[in-house]
Amino acid sequence: MPVTARGPARRGVLYAAAAAGAAAVAATATDARAAGTTGPARSRWTTSWATAQTAPTATDPVAYAGLTDGDCVSVLRLSAGGAVRLRYANTFGTAPVLVGPVTADGRPVTFAGRSQEWLAAGASLTSDPVAGLRVPDGARLEVRTRVPGPTGPLSFHRNTHAWHTVDGVRTRSVLLLTGVETTGAHGPVLAVFGDSIAEGVGTPDDADLRWPDQLARRLPGSAVANLGVSGNRLLLDDVRFGPGGQARFDRDVLGLPGLRTVLVHLGVNDLQQPPGQSGPDQVLAGYRQLALRARGAGLRVVGATITPFEGWTRWSPELDAVRGHINRAVRTGRIFDGVADFDAALRDPDRPSRMLPAHDSGDGLHPGPSGHAALAAAVDRRHLL
């Protein structure tokens, strides 16, 4: 008969095993704290370039009609460098789309070892790491994507404020491609969740002067995902400008690998874009919900004040009073973990309801390049770590 451990001897074995397990857990926790993380181990991949998708309308003929034997070429400005993989999505699609062949800086991109892969309707598709490719911080990356089709309507980002080509025709839109992920981030890992100001309206095309670009250059080694969408609101959806912030937050933000912080800059379109939100309480409640969901995912959340917009066609003193009420509540620090005071960064001290003229792109709402630089400077690095 085999000998089995009983009584004190067996208890000793169990206690030793439990102690070893506890030591392993403690070591894991210590390693996580040393790496600046808690909870589940963070991915080594972080998003170095990103777009947030909307559905095409009849006014977007290429994306709306879709592609047959399409060839899409984008030259993208990354933030963090390292090894590279790509992410595609067809968030609003109704049929699967075949993606590939794809190249990144001329190197073949594979999906589980294959040169082509099906992107399911409403889903995303992540490539293998691109063999032999490593890029420095701030690199430009050329991505060429073949789409055999016919595809039907394609999810896209309408205006990246940079030029790309689809079948040799220049466009500011990016079809299907939503992210470039890299492994070399050694600074803040941040998602900017915003509207046209984050997207880059007011800055020249191909100049990389959007404030998230300028923030990435301020913080070497940072990975900054720009999820700005022109016309986007915090609360309401829009046929042209897509789902509001409440609706797209989980998909666009919480699905990003390795993310540590999200900066929320939404609200001005809720005030000025019909149908407007004339009371501040709904906007503040929306902020609280985003903060709650971010913290539930283990993220730090920074809120930005709403910038001045006197001079814009739909500005009014009444709306400016609502903006002021919202900004005062944000500045108290009781909603977000940190505050980026974008209002203070842009406003004219002699007339706080408008931007300083030197920062204004000319329409009263969107800052120009110097205004974008002021916004980047207003983000406190300590809030991002």
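These figures come from a predicted structure and were not determined experimentally.

## Digging into the overall build of the chain
The helix and strand inventory of the chain stands at 10 helices and 22 strands. Burial status across the chain gives 52% buried among its 385 residues. Once local pairs closer than 6 in sequence are excluded, the contacts in the chain between residues at least 24 apart make up 78%. In the form shown here, the chain has an accessible surface area of approximately 16,400 Å², with 57% of it arising from carbon and sulfur atoms.

## Regarding the nonpolar core
With 38 residues, the main nonpolar core has Val253, Val262, Tyr287, Ile326 and Phe336 as its most contacted residues. Residue assignment for this core shows that the elements contributing at least two residues are strand 16 (189-194), strand 17 (223-226), helix 5 (245-254), strand 18 (261-265), helix 6 (268-272), helix 7 (280-296) and helix 8 (317-331). Sort the elements by how many residues they give to this core and helix 7 lands first, with 6 residues. What Val262 contacts, discounting residues up to four positions off in sequence, is Leu190, Ala191, Phe193, Phe249, Val253, Ala294, Arg300, Val301 and Val302. Listed in part, the 32 residues of the second largest apolar core include Trp49, Leu86, Val130 and Leu133.

## Things to note about the pattern of salt bridges
On inspection of all chains with the given rule, the structure shows 24 salt bridges. Salt-bridge contacts for Asp60 lead to Arg158; the nearest nitrogen and oxygen are separated by 2.9 Å. Of this pair, Asp60 sits in the loop between strand 1 (46-50) and helix 2 (61-65) while Arg158 sits in the loop between strand 11 (156-157) and strand 12 (164-166), and the two are 98 residues apart along the sequence. Taking the relative accessible area as the measure of exposure, Asp60 reaches 8% and is therefore buried. When its relative accessible area of 18% is taken as the criterion, Arg158 is described as buried. A salt bridge links Glu181 to Arg87; the nearest nitrogen and oxygen atoms lie 2.3 Å apart. Here Arg87 lies in strand 3 (residues 82-89) and Glu181 lies in strand 15 (residues 177-182), a separation of 94 residues in the sequence. Of the residues examined, Glu181 reaches a relative accessible area of 2% and is grouped as buried. Each member of the salt-bridge network shares a partner with another, and the members are Asp320, Arg323, Arg331, Asp341, Asp343 and Arg347.

## Topic: the pairing of strand 19 (residues 300-304)
Each regular strand carries side chains that alternate between the two faces of the sheet. For strand 19, a buried count of 4 out of 5 residues is recorded, marking the element as mostly surrounded by other parts of the structure. Looking at chain direction, strand 19 and strand 20 (residues 338-340) are connected through 3 bridges and run parallel. Following the sheet pairing, Ala304 is matched in strand 20 by Ala340. Handedness of the strand 19-helix 8-strand 20 crossover: right-handed.

## Focus: the pairing of strand 15
Counting buried residues along strand 15, 6 of its 6 residues qualify, which places the element largely inside the surrounding structure. Examined bridge by bridge, strand 1 and strand 15 share 4 bridges and lie antiparallel to one another. Following the sheet pairing, Thr46 is matched in strand 15 by Thr182. Sheet topology places strand 3 next to strand 15; 5 bridges connect them, and they run antiparallel. When the sheet's bridge partners are listed, Leu86 is paired in strand 15 with Val180.

## Details of the confidence of the model for the chain
Confidence in the prediction of the chain, expressed as mean pLDDT, is 91, and 89% of residues score 70 or more. Every residue in residues 1-40 scores below 50 in pLDDT, and together they form 3 contacts with partners more than four places removed in sequence or on other chains.

## Side note on the packing of helix 7 against helix 8
Running from N to C, helix 7 and helix 8 point in directions that differ by 35°, and their axes come no closer than 9 Å. The two elements helix 7 and helix 8 meet at a crossing, and its hand is right-handed. For the pair formed by helix 7 and helix 8, the contact residues are Pro280, Val283, Leu284 and Tyr287 on the first element and Val322, His325, Ile326, Ala329 and Val330 on the second. Taken together, the residues that form the contact of helix 7 with helix 8 break down as 8 nonpolar, 1 polar and no charged.

## With respect to the side chain of His366
Locating His366 in the fold gives a position in the loop between strand 22 (351-355) and helix 10 (369-377). Residue His366 is classed as buried on the basis of its relative accessible area, which comes to 8%. Within the local environment of His366, its side chain forms a polar contact with the side chain of Ser196, the two groups lying 2.8 Å apart. Only 2.6 Å separates the side chain of His366 from the side chain of Asp363, close enough to count as a polar contact. Aside from chain neighbours lying at most four places away, what touches His366 is Ser196, Ile197, Val201, Trp312, Met355, Asp360 and Ser361.

Calculation criteria
Residues numbered from 1 in each chain as written. Predicted model: local features only at pLDDT ≥ 70, side-chain atom pairs only at ≥ 80, totals over all residues. Heavy atoms only, no water. Helix = DSSP H or I, 4+ residues; strand = E, 2+ residues; numbered from the N terminus. Buried < 20%, exposed > 50% of the residue type's maximum accessible area, 1.4 Å probe, protein only. Contact = heavy atoms within 4.5 Å. Areas by Shrake-Rupley, 256 points an atom, 1.4 Å probe, with all protein chains shown as cover. Core = buried A, V, L, I, M, F, W, Y, C linked by side-chain atoms within 4.5 Å. Salt bridge = Lys/Arg side-chain N within 4 Å of Asp/Glu carboxyl O. Pairing = 2+ DSSP bridges. Right-handed = clockwise from strand over helix to strand, strands pointing away. pLDDT = per-residue confidence, 0-100. Axes fitted to C-alpha atoms, helices over the stretch in contact; angles between N-to-C directions. Left-handed = near helix turned anticlockwise from the far one by under 90°. Nonpolar A, V, L, I, M, F, W, Y, C, P; charged D, E, K, R; others polar. Polar contact = N/O pair within 3.5 Å; in protein donor to acceptor, adjacent residues only side chain to side chain.

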